[in-house]
Amino acid sequence: MAESGENMRSGGTTEEMKKVRGKTARKRDQDEDEEEREQIFDFNNKPAETQEDDDPSDSEDSVYSGLEDSGSDSDDEEEEKDSDDDEDHNDVPVQRKEKKDEDGGVTEAAAEENKGDEYEHDSSDEEDIRNTVGNIPMEWYKDFPHIGYDLDGKKIYRPIRNKDELDEFLDKMENPDYWRTVNDKQTGSDIILSDEQVELVNRLQRGQFGDVNFNEYQPSVEFFSSNVMMHPVTNRPADKRSFIPSLIEKEKVSKLVHAIKMGWIKPRRVEDDSRGRYYDLWASEDSSILAKHRMHLPAPKIPLPGHQESYNPPPEYLFTEEERALWEQQDPSDRKLPFVPMKFSSLRQVPAFPRFIHERFERCLDLYLCPRQRKMRVNVNPEDLIPKLPKPKDLQPFPTTQSLVYRGHSGLVRSISVSPSGQWLASGRSPVCSGRTLPGTQTRLSACWLSPCKHLDSVVLILSPSLADRQVVLSSERLLLGQQEAEPAEEVGPITWIEAEGEERNQGIHLKIQHPKAVHQVAWHAKGDYLASVMPDHSSHLQVFIHQVSRRRSQNPFRKNKGLVQCVSFHPVRPYFFVATQRSVRIYNLVKQEMTKKLQANSKWISSMAVHPGGDHVICGSYDCRLSWFDLDLSTKPYKMLRHHKKAVRGVAYHRVYPLFASASDDGSVIVCHGTVYNDLLQNPLIVPVKVLRGHVITNDLGVLDLTFHPTQPWVFSSGADATIRLFT
């Protein structure tokens, strides 16, 4: 009993102590609140000077911070005190400004104020935030009369809102700025958005960028390209952790080692295979039988039936009377369907398929007669299939820009030719314009048309342009006019050599070669004593003539017509003669007087031909937009077929010095290609297109008609149907 009584007394004492402590705590909180209120009241009633002395933390920045009082639930007296306090504070800087030194100078405080507010042009967002509670949920203040604190540490009381739904409706109907008014949760006040802010919200709602001047389609910086580079883009050093052993892994390994030593982790058991003996079932079989088993392919499955094979197909799958009559007239192998689709109201009305046994028989024949073979797919890297070609900038020099345009002709310019020195250029409206140097001289002799009249179409004129040194010109004229001591050769009936006289001699014309038909091309030999003329005609074998200037004799090398001859050319070194017809190029040996090779161009109509300065390669252009490169030591078929042009190829040319060749087309472009020929016969030529030159205007569906390279410089001349000659350097 005594113990129970003591426990009760002790229990009662404990409860009483708890009550007393609770009352004491509440009283202490009330006292602290009263003291805080008194301090605020006293602070507001102090004059400006005493406040400045007592509370140095209250600076001018806090007074002139531009913060307004957010209406609160406090009494009117407190508002008046705050206003008086603000007036007292406003007097402080005025008094300071009037303070001066005894000598008449301005005090330091006044000088600092004259400098201006250093935060006037500050664009920090934190200076404009009135509520200093930070980025916290405002629901934490829903049970308090205030919603935060300002910069001075004073409470920002919650504004009074007495509007009901009717007031909201009236405000919505009458207030023109209601649609742009939003509620600020941090201050509890309504803010009217400006036009710039409304435009920003609209842009963000449309998914656009907030900044109007931001360009979302600005060119991106290509840090990585498609070209495989040797060095990395960034040379960032490796991290320290990449070459320092990991401490965590070391700890794990030590734990595993300890577990193995203690016997907690045991290795896997090695099964004893002595209990059963296994042998290879196919060891004694033939390897071909094993290969048959491995290469076995299952038969392909029959395709699943479609809608047309249904007993109730859709109407569009049923045959009309015309389709059914056409199906019956066709051969069974030509029919798309081996049956006629039919429609039944129920599955019970479907009869037996009459061709069932026939189809099973055809299926067996397919499985028995149709062979099946497994094809092994080769894993090939796609980059290995693309040839590794050098970049065009590594293959310079080659013509890239148009430097000169000559407009002297009234019509299309069909042919051009450059002198060996590269200083003179000859052009003509006729299909013929060519020239070479006489043996023993350095004078350029041009064989070209002087007039487009019909009676001169069959005459080849040999003239001396007098463009070299005087002694060279005299020696050339002496050679052309001198009488040869050799016996005159037998004259060919259709060809007549005529010496120019009178006014023609004054114009520089020395010889005229009369042909039976119109001449379309003249080709000179490398030594300059021989030239060949071409007269295309299907009905005659007199299509090609070879003339010797020194002896004034001509000969017809062919007695039979083997096609319509398009162009001819001499080999630069050997006694070979190239004759290009519509489909092929024949190579004749002039010494043995026999055909040595026939090149198949695989083109519909050959238009032009050029021989490499080395003599082992030939290029041919055709009217079907193709350019064929022939390697005479490799094959009679084209080594490369280039289809870069979109229209007919009119002319092709090789450069004498540089590894360049070009082609001219009716699409108005000249394509320059790099073609390196190696001395090693086992190495194929390197052909790389490097530049497309444009400048000619297409006239009457005709573009560039002829082109030629400069003898020493990497330049190319081109003539076109627009009556211009252009130089590309």
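Up top you'll find the structure we're talking about.
Residues numbered from 1 in each chain as written. Predicted model: local features only at pLDDT ≥ 70, side-chain atom pairs only at ≥ 80, totals over all residues. Heavy atoms only, no water.

Draft legend 1. A look at the pattern of salt bridges. Applying the stated rule across the entire model yields 10 salt bridges. Arg-650 is the salt-bridge partner of Asp-666, the closest N and O atoms lying 3.0 Å from each other. A residue pair is termed long-range when its members are at least 10 positions apart, and Asp-666 in the loop between β26 (660–665) and β27 (669–676) and Arg-650 in strand β25 (residues 649–654) qualify at 16 residues. Since its relative accessible area comes to 4%, Asp-666 is described here as buried. A relative accessible area of 26% means that Arg-650 is categorised as partly exposed. Several salt bridges share partner residues, and in doing so they unite Arg-236, Asp-239 and Arg-241 into one network. (Salt bridge = Lys/Arg side-chain N within 4 Å of Asp/Glu carboxyl O. Helix = DSSP H or I, 4+ residues; strand = E, 2+ residues; numbered from the N terminus. Buried < 20%, exposed > 50% of the residue type's maximum accessible area, 1.4 Å probe, protein only.)

Draft legend 2. Main features of the sheet that holds β25. Read across the sheet, 4 strands follow the order β25-β26-β27-β28 without closing on themselves; strand pairing throughout is antiparallel. Edge positions in the open sheet fall to β25 and β28 (686–694), since each of these has one partner strand only. With strand direction ignored, the average angle separating the axes of adjacent strands in the sheet is 20°. Note: β25 against β26, 5 bridges, orientation antiparallel. When the sheet's bridge partners are listed, Tyr-654 is paired in β26 with Phe-661. (Pairing = 2+ DSSP bridges. Axes fitted to C-alpha atoms, helices over the stretch in contact; angles between N-to-C directions.)

Draft legend 3. Spotlight on the pairing of strand β29 (residues 704–709). Among the 6 residues that make up β29, 6 are buried, leaving the element largely enclosed by the rest of the structure. Alignment of β29 against strand β30 (residues 716–720), held across 5 bridges, turns out to be antiparallel. Bridge pairing in β30 places Asp-706 opposite Ser-719. The loop that links β29 with its antiparallel partner β30 comprises 6 residues.

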